[in-house]
Amino acid sequence: MSADGLIVVDKPGGMTSHDVVARVRRLARTRRVGHGGTLDPMATGVLVIGVGRATRLLTYVIGAGKSYTATIRLGQATVTDDAEGDVIATTPAGRVTDDAVRAALAALTGEIDQVPSAVSAIKIDGQRAYKRVREGESVELPARRVTISRLDVLAVRRDQPDVVDVDVDVTCSSGTYIRAIARDVGLALGVGGHLTALRRTAVGGFTLAEAATLDELEQRAPDVVNLPLAAAADRFFPRRDATADEQRVLSHGGPLQPVGITGPYAVFGPAGGLIAIVSERDGRARAEIVLAPA
């Protein structure tokens, strides 16, 4: 059986994130597998998978910033805001200038209120929004505050009449929908827009450079973990080294004296093993999750 830790997978197109988890469960020979942030079936790229005790780190991975490359098609709107859905409106976009495209995208950067795509995994009264849409309901989701820290235009292509394809590179906060950026820039330009390609290039500090394909994982199964638990935590969090006494207190859920580290951080024992993820509040350093083996 695989060790506890994280795997950075390069998800192929046509698979759900759950499909990838199911494959890794088989390869790692354990049921205790989860993912750190859904990718649509159409999308490819970085999907962080947790195995064993490292599944408890995934809540932090899900909240990390993310980067993507994507292609936006202007001139067509779809029901899903991406190429998976039927085209619901067509407006010739040939007269939209490159400068207008860049200006409309620039207006979507920074801290903005973004309405998620109606065909999303967000729950409304306990049911996924996409399920309600597929059952014929009209779904309106409330806007949420997101941060788009970088939105670079890589190319504006006019390979087909009446549509304009825009290749972009995006860095954004967790919860940002790239499909919604495509929809909103199309609305701003009055021609409609949707996403035709999406590749996630980074989640937090985890990038495509270290990602393994499912075929590569298949070849090395069951040893599929490429970041053991302690190494993964050391990469993702600020580090604090504990004394033997502190390790004993913390591993039993007790508090430590604060040391002034901001945000959740990882505490390691004298032998280098991960003890807990800790945050400081009310003058104490308390464990959010204890990861030392029982």
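In this report, we go over the structure that sits alongside the text. For clarity, every value in this text was computed on a predicted model and none was experimentally measured.

### Thoughts on the nonpolar core
Working step 1: With 32 residues, the main nonpolar core has Ile-72, Leu-74, Leu-105, Val-166, Ile-178 and Ile-181 as its most contacted residues.
Working step 2: Every element with two or more residues in this core is listed here: β4 (66-74), α3 (98-106), β10 (144-157), β11 (164-172), α5 (178-189) and β12 (193-203).
Working step 3: Residues Tyr-60, Leu-229, Ile-277 and Ile-289 belong to the second largest nonpolar core, which totals 24 residues.

### A short note on the packing of aromatic side chains
Working step 1: Tallying each qualifying case throughout the model produces 3 aromatic pairs.
Working step 2: On the numbers, 5.1 Å between centres and 85° between planes, the contact of Tyr-60 with Phe-237 is edge-to-face. Remark: Phe-237 occurs in the loop between α7 (229-236) and β15 (239-241) and Tyr-60 occurs in helix α2 (residues 58-62); sequence separation between them is 177 residues.
Working step 3: With relative accessibility at 16%, the residue Tyr-60 sits in the buried group.
Working step 4: Residue Phe-237 is classed as buried on the basis of its relative accessible area of 8%.
Working step 5: A ring pair is formed by Phe-236 and Phe-237, whose centres lie 5.3 Å apart and whose planes are at 75°; its orientation type is edge-to-face.

### Some details on the packing of α3 against α5
Working step 1: Two numbers describe how α3 lies on α5: the axes approach to 9 Å, and their chain directions differ by 125°. As judged from the angle between their axes, α3 and α5 are oblique. Seen along the crossing, α3 lies across α5 with a hand that is right-handed. Between α3 and α5, the contacting residues are Ala-100, Val-101, Ala-104 and Leu-105 on the first element and Ile-181, Val-185, Ala-188 and Leu-189 on the second.
Working step 2: Looking at side-chain class alone, the contact of α3 with α5 contains 8 nonpolar, no polar and no charged residues.

### Regarding α7
Working step 1: Within the span of α7, buried status applies to Leu-229, Ala-232 and Ala-233. Buried residues of α7 fall within an arc of 95° about the axis and therefore sit on the same side.
Working step 2: Looking at the packing, one finds that the buried side of α7 touches β1 (5-11), β14 (227-228), β16 (265-268) and β17 (274-281).

### Considering the pairing of β11
Working step 1: In terms of burial, β11 is a largely internal element, 8 of the 9 residues being buried.
Working step 2: Sheet topology note: the β4/β11 ladder contains 9 bridges and is antiparallel. By the bridge assignment, Ala-70 is partnered in β11 with Val-168.
Working step 3: Where β10 and β11 come together, 8 bridges link them in antiparallel fashion. Counted as the bridge partner of Arg-150 is Thr-171 from β11.
Working step 4: Where β10 hands over to β11, the hairpin turn is made up of 6 residues, of which Asp-162 adopts a positive phi near 75°.

### Topic: the pattern of salt bridges
Working step 1: With the rule as written, the count across this model stands at 20 salt bridges.
Working step 2: Arg-179 is the partner of Asp-40 in a salt bridge, and the nearest nitrogen-oxygen pair spans 3.1 Å. Placement of Asp-40 in the loop between β2 (33-35) and β3 (44-51) and of Arg-179 in helix α5 is noted, with a sequence separation of 139 residues between them.
Working step 3: Given a relative accessible area of 26%, Asp-40 falls into the partly exposed group.
Working step 4: Residue Arg-179 is classed as buried on the basis of its relative accessible area of 5%.
Working step 5: A salt bridge links Arg-73 to Asp-165, with the shortest nitrogen-to-oxygen separation between them at 2.8 Å. Separated by 92 residues along the polypeptide, Arg-73 in strand β4 and Asp-165 in strand β11 bring together distant segments of the chain. Across the pair, Asp-165 and Arg-73 agree in class, each one buried.

### Quick notes on the side chain of Thr-30
Working step 1: Within the secondary structure layout, Thr-30 lies in the loop between α1 (17-28) and β2.
Working step 2: From its side chain, Thr-30 meets the backbone nitrogen of Arg-32 in a polar contact 3.2 Å long.

### Observations concerning the sheet that holds strand β18 (residues 284-290)
Working step 1: The 4 strands lie next to each other as β15-β16-β17-β18, forming an open sheet whose pairing is mixed. Each edge of the sheet is formed by a strand with only one pairing partner; in this case those strands are β15 and β18. The mean angle between the axes of side-by-side strands here comes to 40°, regardless of whether they run parallel or antiparallel.
Working step 2: Examined bridge by bridge, β15 and β16 share 3 bridges and lie parallel to one another. Counterpart to Asp-241 in the pairing with β16 is Phe-268.
Working step 3: The strands touched by α7 within the sheet are β15, β16 and β17, with β16 carrying the most contacts at an inclination of about 140°.
Working step 4: Against the sheet, helix α8 (residues 244-251) touches β15, β16, β17 and β18, its axis set at about 80° to β17.

The rules behind these values
- Residues numbered from 1 in each chain as written.
- Predicted model: local features only at pLDDT ≥ 70, side-chain atom pairs only at ≥ 80, totals over all residues.
- Heavy atoms only, no water.
- Core = buried A, V, L, I, M, F, W, Y, C linked by side-chain atoms within 4.5 Å.
- Buried < 20%, exposed > 50% of the residue type's maximum accessible area, 1.4 Å probe, protein only.
- Helix = DSSP H or I, 4+ residues; strand = E, 2+ residues; numbered from the N terminus.
- Phe/Tyr/Trp six-rings, centres within 6.5 Å; stacked < 30°, edge-to-face > 60°.
- Axes fitted to C-alpha atoms, helices over the stretch in contact; angles between N-to-C directions.
- Parallel < 35°, antiparallel > 145°, perpendicular 65-115°, else oblique.
- Left-handed = near helix turned anticlockwise from the far one by under 90°.
- Contact = heavy atoms within 4.5 Å.
- Nonpolar A, V, L, I, M, F, W, Y, C, P; charged D, E, K, R; others polar.
- Arc of directions from axis to C-beta.
- Pairing = 2+ DSSP bridges.
- Salt bridge = Lys/Arg side-chain N within 4 Å of Asp/Glu carboxyl O.
- Polar contact = N/O pair within 3.5 Å; in protein donor to acceptor, adjacent residues only side chain to side chain.

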